[in-house]
Protein chains: 2
Amino acid sequence: MLKTYSIKEVAQKFDLSISTIRYYDKRGLLPFVAKNKSGYRVFTETDLNLIKTVVCLKNTGMAIKNIQKYIQLVMQGPDSIEQRKQLLELHKQQVIQKQKLLSENLQEINFKINKYNSKNAKEVIKTELAYVLAEKKELKL
Amino acid sequence: MLKTYSIKEVAQKFDLSISTIRYYDKRGLLPFVAKNKSGYRVFTETDLNLIKTVVCLKNTGMAIKNIQKYIQLVMQGPDSIEQRKQLLELHKQQVIQKQKLLSENLQEINFKINKYNSKNAKEVIKTELAYVLAEKKELKL
DNA sequence: ATAAACCCTAAACTATGGTTTAGTGCAAAC
DNA sequence: GTTTGCACTAAACCATAGTTTAGGGTTTAT
């Protein structure tokens, strides 16, 4: 028999809260999830694959309404492949941009940490502080 | 004479809106910014350095209340160096985690794109769809 | 057959990070 | 000297992404 999953199991698998899953469903991110006769959501193995994609897009910062668009394309079947590809390509570029920004800023953080780690950190910072105060004084601020 | 900057100039320099700068000031991120006799904010060259740090922390996902804590430590002078270092180290680890997650998810997006790019994409997706439907049918969903 | 553990919806609520508006003052160009 | 542009505050408003609550069924173990 094919294994199915309850909402609780899915929540644990993806480290989401149950309410988040219900919220995603309400927002149209999980239109493929069926319900049993009592109205309970029943998740199949392949449902989990698509949820993985949803979570992947969410983790890379895609807005819910755009994830919803992508899922809508998936539900339309094979004819939407070109559009899906475009959507993912665009998102990919945004993720790459995000990576770049993150790396640059991480470098700056490292620079600061190194400064704080240097032997004469206290002296340097005292000097800087004195300069800032002198600057404000000169400008009568 | 030392150059100073208006809020508009600073906004342009950092690609923030004027309201965002005022909002950051209100949230305690810019306690070092002086005001002239008319109540206008006057930004000095060294103010810009600290704002750069604020923006850097913001861009790497630090919450405003934590940026505020860091700035507060900076304002306390050289004795807070150890605490600042700890705060930045912790944040650094979080940024590295974020980078890792982003890379992993980008790989998945690339995987999807490659699938859509493959010559037999349409066939593959039709087959998958058929499987999903069969699965739901078997489970009477 | 009943308690405990699950599931459901709808709707209100929350947190975060801003943006917009209203009313007012200052500065500089014409 | 007045119009135009820029500045200020306070407070209301907004978008996004959930979380919580209230009220009510279902399933499972005892």
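The structure displayed is predicted, hence computed values, not measured ones. (Residues numbered from 1 in each chain as written. Chains lettered and ligands numbered in written order. Predicted model: local features only at pLDDT ≥ 70, side-chain atom pairs only at ≥ 80, totals over all residues. Heavy atoms only, no water.)

(A) Representation of the relation of the copies chain A and chain B. Rotating chain A by 180° about the axis while translating it 0.0 Å along that axis superimposes it on chain B, leaving an RMSD of 0.1 Å. Between the two chains, the operation in question is that of a two-fold axis. Ranked by how close their C-alpha atoms come to the rotation axis, the residues of chain A are headed by Gln99 of chain A, at 3.4 Å. Here 100% of the contact residues of chain A are again contact residues in chain B; the copies associate through an equivalent surface. (Least-squares fit on C-alpha atoms with pLDDT ≥ 70 in both. Contact = heavy atoms within 4.5 Å.)

(B) Looking closely at the interface of chain A and chain B. Facing the 59 residues of chain A at the interface are 59 residues of chain B. Summed over both sides, the interface of chain A with chain B buries roughly 5200 Å², with 71% coming from carbon and sulfur. Three residues stand out in chain A for area buried against chain B, namely Leu2, Leu102 and Tyr116 of chain A, and they jointly supply 13% of the buried area on that side. At the boundary of chain A and chain B, one finds six salt bridges. With its nearest N and O atoms 3.7 Å apart, the salt bridge here joins Glu108 of chain A to Lys52 of chain B. Summed over the shared surface of chain A and chain B, the result is 20 residue pairs in polar contact (both at pLDDT 80 or more). Elements with a contribution of two residues or more to the side of chain A that touches chain B: β2 (34–35), β3 (41–44), α3 (45–59), α4 (64–75), α5 (81–117) and α6 (121–138) of chain A. Element by element, the count of residues in the side of chain A that touches chain B is highest for α5 of chain A, at 23 residues. (Buried area = accessible area lost by both parts, 1.4 Å probe. Salt bridge = Lys/Arg side-chain N within 4 Å of Asp/Glu carboxyl O. Polar contact = N/O pair within 3.5 Å; in protein donor to acceptor, adjacent residues only side chain to side chain. Helix = DSSP H or I, 4+ residues; strand = E, 2+ residues; numbered from the N terminus.)

(C) Highlighting the protein's contact with DNA strand D. Around DNA strand D, 21 residues are found, and the nearest of them are Ser17, Thr20 and Tyr40 of chain A together with Arg22 and Lys35 of chain B. Atoms of DNA strand D within 4 Å of the protein: sugar and phosphate make up 77%, bases the balance. Note that a phosphate oxygen of DNA strand D is positioned 2.6 Å from one of the side-chain N or O atoms of Ser17 of chain A. Tyr24 of chain A places a polar side-chain atom, nitrogen or oxygen, 2.8 Å from a phosphate oxygen of DNA strand D. At the level of secondary structure, the elements contributing two or more residues to the surface near DNA strand D comprise α2 (18–26) and α4 of chain A together with α1 (7–14) and α2 (18–26) of chain B. Top contributing element to the surface near DNA strand D by residue count: α2 of chain A, with four residues. Each residue belonging to the surface near DNA strand D can be placed in one class, and the counts come to eight nonpolar, six polar and seven charged. (Near = heavy atom within 4 Å. Nonpolar A, V, L, I, M, F, W, Y, C, P; charged D, E, K, R; others polar.)

(D) Molecular detail of the UniProt feature "domain: HTH merR-type" (unreviewed entry) in chain A. According to UniProt, the positions carrying the feature "domain: HTH merR-type" (unreviewed entry) are residues 4–73 of chain A. In this annotation, residues 4–73 of chain A is assigned 60% helix and 11% strand; the end-to-end C-alpha distance for the span is 25 Å. (UniProt positions renumbered as here; feature names shortened; annotations may be inferred.)

(E) Highlighting the sheet that holds strand β1 (residues 4–5) of chain A. Residue and element names in this part refer to chain A. Here three strands make up an open sheet; going across it, the order is β1-β3-β2 and the pairing antiparallel. Each end of this open sheet is capped by a strand with a single partner; those strands are β1 and β2. Pairing of β1 with β3 involves two bridges; the strand directions are antiparallel. Along β3, the bridge assignment pairs Tyr5 with Phe43. Contacting β1 and β3, α3 runs over the sheet at an angle of about 85° to β3. (Pairing = 2+ DSSP bridges. Axes fitted to C-alpha atoms, helices over the stretch in contact; angles between N-to-C directions.)

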